Amino acid sequence: MVRLPFRDGFYELRPSKIVALAKNYAEHAKEMESDVPEKPVFFLKPPSALIGPGEPIILPRMSRRVDHEVELAVIIGKRAKRVPAERAMDHILGYTVMLDITARDLQEEARKKGLPWAMSKGFDTFAPVGPRVVDRRELNIDDLEIGLKVNGQLRQLGRTSQMVFKVPELVEYISSVMTLEPGDIIATGTPAGIGPLRHGDRVEAWIEGIGKVEFDVLAEDSILC
Ligand code: MG
(Lines give C-alpha, C1' and ligand atoms only; values in the text may rest on other atoms or scores of the structure.)
Protein backbone atom coordinates (compact mmCIF):
# COMPACT_ATOMS: atom_id res chain seq x y z
CA MET A 1 0.00 0.00 0.00
CA VAL A 2 1.19 3.49 -0.85
CA ARG A 3 -0.31 6.70 0.57
CA LEU A 4 -0.28 9.74 -1.65
CA PRO A 5 -1.63 13.23 -1.00
CA PHE A 6 -5.11 13.65 -2.54
CA ARG A 7 -7.50 16.56 -2.21
CA ASP A 8 -7.31 17.69 1.46
CA GLY A 9 -6.01 14.36 2.72
CA PHE A 10 -4.48 11.16 1.45
CA TYR A 11 -5.40 8.38 -0.93
CA GLU A 12 -4.38 4.82 -0.06
CA LEU A 13 -3.41 3.10 -3.25
CA ARG A 14 -4.29 -0.61 -2.99
CA PRO A 15 -4.76 -1.81 -6.56
CA SER A 16 -5.96 -5.33 -7.29
CA LYS A 17 -3.85 -5.01 -10.44
CA ILE A 18 -1.64 -2.66 -12.39
CA VAL A 19 -2.37 -2.82 -16.12
CA ALA A 20 0.47 -1.43 -18.20
CA LEU A 21 0.49 -0.55 -21.88
CA ALA A 22 3.26 -1.62 -24.24
CA LYS A 23 4.32 0.62 -27.12
CA ASN A 24 1.68 3.30 -26.67
CA TYR A 25 3.98 6.07 -27.94
CA ALA A 26 5.18 5.70 -31.54
CA GLU A 27 8.70 7.02 -30.86
CA HIS A 28 9.18 4.50 -28.07
CA ALA A 29 7.95 1.65 -30.29
CA LYS A 30 10.57 2.78 -32.81
CA GLU A 31 13.41 2.75 -30.28
CA MET A 32 12.35 -0.78 -29.33
CA GLU A 33 12.62 -1.67 -33.05
CA SER A 34 8.99 -2.55 -33.11
CA ASP A 35 5.83 -1.36 -34.85
CA VAL A 36 2.95 0.48 -33.24
CA PRO A 37 0.33 -2.17 -32.44
CA GLU A 38 -3.06 -2.10 -34.18
CA LYS A 39 -4.83 -2.68 -30.89
CA PRO A 40 -3.64 -1.82 -27.37
CA VAL A 41 -1.14 -4.34 -26.01
CA PHE A 42 -1.06 -4.62 -22.25
CA PHE A 43 0.49 -6.70 -19.49
CA LEU A 44 0.17 -6.84 -15.69
CA LYS A 45 2.50 -5.67 -12.97
CA PRO A 46 1.94 -7.00 -9.45
CA PRO A 47 0.70 -4.58 -6.76
CA SER A 48 3.67 -5.75 -4.66
CA ALA A 49 5.92 -3.70 -6.99
CA LEU A 50 4.43 -0.40 -5.77
CA ILE A 51 6.54 2.05 -3.80
CA GLY A 52 5.96 5.67 -2.88
CA PRO A 53 8.11 8.77 -2.50
CA GLY A 54 11.00 8.24 -0.07
CA GLU A 55 11.44 4.56 -0.92
CA PRO A 56 14.32 3.44 -3.18
CA ILE A 57 14.13 1.60 -6.49
CA ILE A 58 16.09 -1.64 -5.96
CA LEU A 59 18.10 -3.09 -8.84
CA PRO A 60 17.69 -6.87 -8.52
CA ARG A 61 20.82 -8.97 -8.70
CA MET A 62 19.09 -11.23 -11.26
CA SER A 63 19.27 -8.44 -13.87
CA ARG A 64 22.20 -6.65 -15.47
CA ARG A 65 20.13 -3.89 -17.06
CA VAL A 66 17.22 -2.14 -15.42
CA ASP A 67 15.51 0.70 -17.33
CA HIS A 68 13.28 3.62 -16.44
CA GLU A 69 9.98 4.30 -18.23
CA VAL A 70 7.96 7.32 -17.09
CA GLU A 71 4.20 6.96 -17.55
CA LEU A 72 0.91 8.69 -16.82
CA ALA A 73 -0.93 6.46 -14.34
CA VAL A 74 -4.72 6.44 -14.36
CA ILE A 75 -6.38 5.42 -11.09
CA ILE A 76 -9.81 3.83 -11.32
CA GLY A 77 -12.47 5.30 -9.01
CA LYS A 78 -15.54 3.29 -9.95
CA ARG A 79 -15.80 -0.37 -10.99
CA ALA A 80 -15.52 -0.65 -14.77
CA LYS A 81 -16.78 -3.65 -16.69
CA ARG A 82 -17.28 -3.26 -20.46
CA VAL A 83 -17.36 0.52 -20.23
CA PRO A 84 -17.60 2.35 -23.56
CA ALA A 85 -15.04 5.08 -24.25
CA GLU A 86 -17.73 7.79 -23.98
CA ARG A 87 -18.34 6.89 -20.33
CA ALA A 88 -14.76 5.97 -19.40
CA MET A 89 -13.97 9.22 -17.61
CA ASP A 90 -16.80 8.61 -15.08
CA HIS A 91 -14.82 5.59 -13.86
CA ILE A 92 -11.57 7.46 -13.26
CA LEU A 93 -10.63 8.85 -9.85
CA GLY A 94 -7.50 10.67 -10.87
CA TYR A 95 -3.93 10.54 -12.05
CA THR A 96 -0.40 10.17 -10.78
CA VAL A 97 3.09 9.57 -12.18
CA MET A 98 4.33 5.97 -12.36
CA LEU A 99 7.63 4.51 -13.42
CA ASP A 100 7.32 1.21 -15.23
CA ILE A 101 10.72 -0.08 -14.15
CA THR A 102 11.85 -2.90 -16.43
CA ALA A 103 14.64 -5.49 -16.28
CA ARG A 104 15.43 -4.99 -19.95
CA ASP A 105 17.82 -7.93 -20.33
CA LEU A 106 15.24 -10.33 -18.88
CA GLN A 107 12.54 -8.80 -21.07
CA GLU A 108 14.70 -9.22 -24.21
CA GLU A 109 15.37 -12.83 -23.29
CA ALA A 110 11.63 -13.42 -22.76
CA ARG A 111 10.78 -11.71 -26.07
CA LYS A 112 13.22 -13.92 -27.96
CA LYS A 113 11.87 -17.08 -26.38
CA GLY A 114 8.21 -16.01 -26.59
CA LEU A 115 7.92 -16.09 -22.79
CA PRO A 116 5.82 -13.78 -20.56
CA TRP A 117 7.09 -10.43 -19.26
CA ALA A 118 5.89 -11.03 -15.70
CA MET A 119 9.38 -11.43 -14.30
CA SER A 120 11.07 -8.53 -16.13
CA LYS A 121 8.28 -6.15 -15.10
CA GLY A 122 7.42 -7.54 -11.70
CA PHE A 123 10.28 -7.20 -9.24
CA ASP A 124 9.61 -5.45 -5.92
CA THR A 125 9.97 -1.65 -6.25
CA PHE A 126 9.36 -1.75 -10.03
CA ALA A 127 6.27 0.48 -9.82
CA PRO A 128 7.24 3.74 -8.08
CA VAL A 129 4.43 6.30 -7.93
CA GLY A 130 3.89 9.88 -6.80
CA PRO A 131 4.09 12.69 -5.87
CA ARG A 132 0.30 12.92 -5.40
CA VAL A 133 -3.02 11.93 -6.90
CA VAL A 134 -4.75 14.64 -8.91
CA ASP A 135 -8.53 14.56 -9.20
CA ARG A 136 -9.49 13.86 -12.80
CA ARG A 137 -11.87 16.82 -12.76
CA GLU A 138 -8.92 19.11 -12.07
CA LEU A 139 -6.68 18.00 -14.92
CA ASN A 140 -7.16 17.72 -18.67
CA ILE A 141 -4.70 14.99 -19.67
CA ASP A 142 -4.94 15.46 -23.45
CA ASP A 143 -1.63 17.26 -23.93
CA LEU A 144 0.66 17.35 -20.88
CA GLU A 145 4.45 17.38 -20.77
CA ILE A 146 5.87 14.12 -19.39
CA GLY A 147 9.55 13.73 -18.63
CA LEU A 148 12.33 12.08 -16.67
CA LYS A 149 15.86 12.99 -15.60
CA VAL A 150 18.60 10.83 -14.13
CA ASN A 151 21.14 12.70 -11.98
CA GLY A 152 19.87 15.95 -13.48
CA GLN A 153 20.28 14.81 -17.09
CA LEU A 154 17.24 14.77 -19.33
CA ARG A 155 16.45 11.25 -20.57
CA GLN A 156 12.77 11.26 -21.52
CA LEU A 157 10.56 14.08 -22.73
CA GLY A 158 7.23 13.78 -24.47
CA ARG A 159 3.63 14.86 -24.43
CA THR A 160 0.59 12.81 -23.51
CA SER A 161 -0.94 13.89 -26.85
CA GLN A 162 1.55 11.47 -28.46
CA MET A 163 -0.23 8.42 -27.01
CA VAL A 164 -1.35 6.04 -29.74
CA PHE A 165 -4.42 4.86 -27.81
CA LYS A 166 -5.99 7.52 -25.58
CA VAL A 167 -7.20 6.92 -22.04
CA PRO A 168 -10.95 6.47 -22.85
CA GLU A 169 -10.10 3.86 -25.51
CA LEU A 170 -7.79 2.10 -23.07
CA VAL A 171 -10.51 1.90 -20.40
CA GLU A 172 -12.96 0.55 -22.99
CA TYR A 173 -10.52 -2.04 -24.31
CA ILE A 174 -9.12 -3.25 -20.97
CA SER A 175 -12.53 -3.31 -19.25
CA SER A 176 -13.86 -5.50 -22.05
CA VAL A 177 -11.32 -8.10 -20.89
CA MET A 178 -11.04 -7.65 -17.13
CA THR A 179 -13.13 -5.73 -14.63
CA LEU A 180 -11.27 -2.70 -13.36
CA GLU A 181 -11.77 -2.23 -9.63
CA PRO A 182 -11.48 1.01 -7.65
CA GLY A 183 -7.80 1.64 -6.98
CA ASP A 184 -6.61 -0.28 -10.02
CA ILE A 185 -3.95 1.48 -12.07
CA ILE A 186 -3.54 1.79 -15.81
CA ALA A 187 0.01 2.79 -16.75
CA THR A 188 -0.46 4.33 -20.17
CA GLY A 189 2.92 3.69 -21.79
CA THR A 190 6.19 5.57 -22.01
CA PRO A 191 7.57 8.17 -24.43
CA ALA A 192 10.97 7.67 -26.08
CA GLY A 193 14.26 7.91 -24.23
CA ILE A 194 14.29 4.84 -22.00
CA GLY A 195 17.67 4.02 -20.53
CA PRO A 196 19.48 2.18 -17.76
CA LEU A 197 19.57 2.94 -14.06
CA ARG A 198 22.64 2.38 -11.91
CA HIS A 199 23.35 2.12 -8.20
CA GLY A 200 23.47 5.59 -6.67
CA ASP A 201 21.36 7.27 -9.36
CA ARG A 202 18.67 9.77 -8.51
CA VAL A 203 15.62 9.74 -10.78
CA GLU A 204 13.22 12.65 -11.20
CA ALA A 205 9.99 12.10 -13.11
CA TRP A 206 7.24 14.59 -13.76
CA ILE A 207 3.99 15.25 -15.53
CA GLU A 208 2.70 18.77 -16.02
CA GLY A 209 -0.18 19.44 -13.62
CA ILE A 210 0.67 16.49 -11.35
CA GLY A 211 4.18 17.39 -10.24
CA LYS A 212 7.61 15.88 -9.83
CA VAL A 213 8.57 12.77 -7.89
CA GLU A 214 12.10 11.61 -7.05
CA PHE A 215 13.57 8.21 -6.24
CA ASP A 216 17.00 6.92 -5.29
CA VAL A 217 18.31 3.82 -7.02
CA LEU A 218 20.15 1.14 -5.02
CA ALA A 219 21.66 -2.19 -5.97
CA GLU A 220 20.11 -5.13 -4.13
CA ASP A 221 23.52 -6.28 -2.98
CA SER A 222 24.21 -2.90 -1.35
CA ILE A 223 21.32 -3.24 1.09
CA LEU A 224 21.38 -6.91 2.03
CA CYS A 225 23.68 -8.39 4.62
MG1 MG B 1 6.03 0.80 -19.89
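Preceding this section is the structure that the text describes.
In short, a report on the structure.

Our focus in this paragraph is the layout of surface pockets. Taken as a whole, the largest pocket spans an internal volume of roughly 210 Å³. Classifying every residue of the lining of the largest pocket by side-chain character gives six nonpolar, two polar and six charged.

Ligation of the magnesium ion by protein atoms is provided by Glu 69 (OE), Glu 71 (OE) and Asp 100 (OD), these donors lying 2.0 to 2.1 Å from the ion. Donor residues for the magnesium ion, ordered by position in the chain, follow E-x1-E-x28-D. A single burial state applies to Glu 69 and to Glu 71, both of which are buried.

This part covers the pairing of strand β11 (residues 127-135). The buried fraction of β11 is high, at seven of nine residues. Examined bridge by bridge, strand β5 (residues 50-51) and β11 share two bridges and lie parallel to one another. Counterpart to Leu 50 in the pairing with β11 is Ala 127. Note that strand β9 (residues 92-99) and β11 share four bridges and pair antiparallel. What sits directly across from Tyr 95, in β11, is Val 134.

Conventions adopted
Residues numbered from 1 in each chain as written. Predicted model: local features only at pLDDT ≥ 70, side-chain atom pairs only at ≥ 80, totals over all residues. Heavy atoms only, no water. 1 Å grid on protein atoms, 1.4 Å probe; cavity = no way out; pocket = protein on both sides within 12 Å on 5 of 7 lines; lining within 4 Å. Points joined across faces, edges and corners; volume = space filled by probe spheres on them. Nonpolar A, V, L, I, M, F, W, Y, C, P; charged D, E, K, R; others polar. Donors = N, O, S within 2.8 Å, 3.2 Å for Na, K, Ca; no water. Buried < 20%, exposed > 50% of the residue type's maximum accessible area, 1.4 Å probe, protein only. Helix = DSSP H or I, 4+ residues; strand = E, 2+ residues; numbered from the N terminus. Pairing = 2+ DSSP bridges.

Read these as layout, nothing more, since geometry by itself doesn't imply function.
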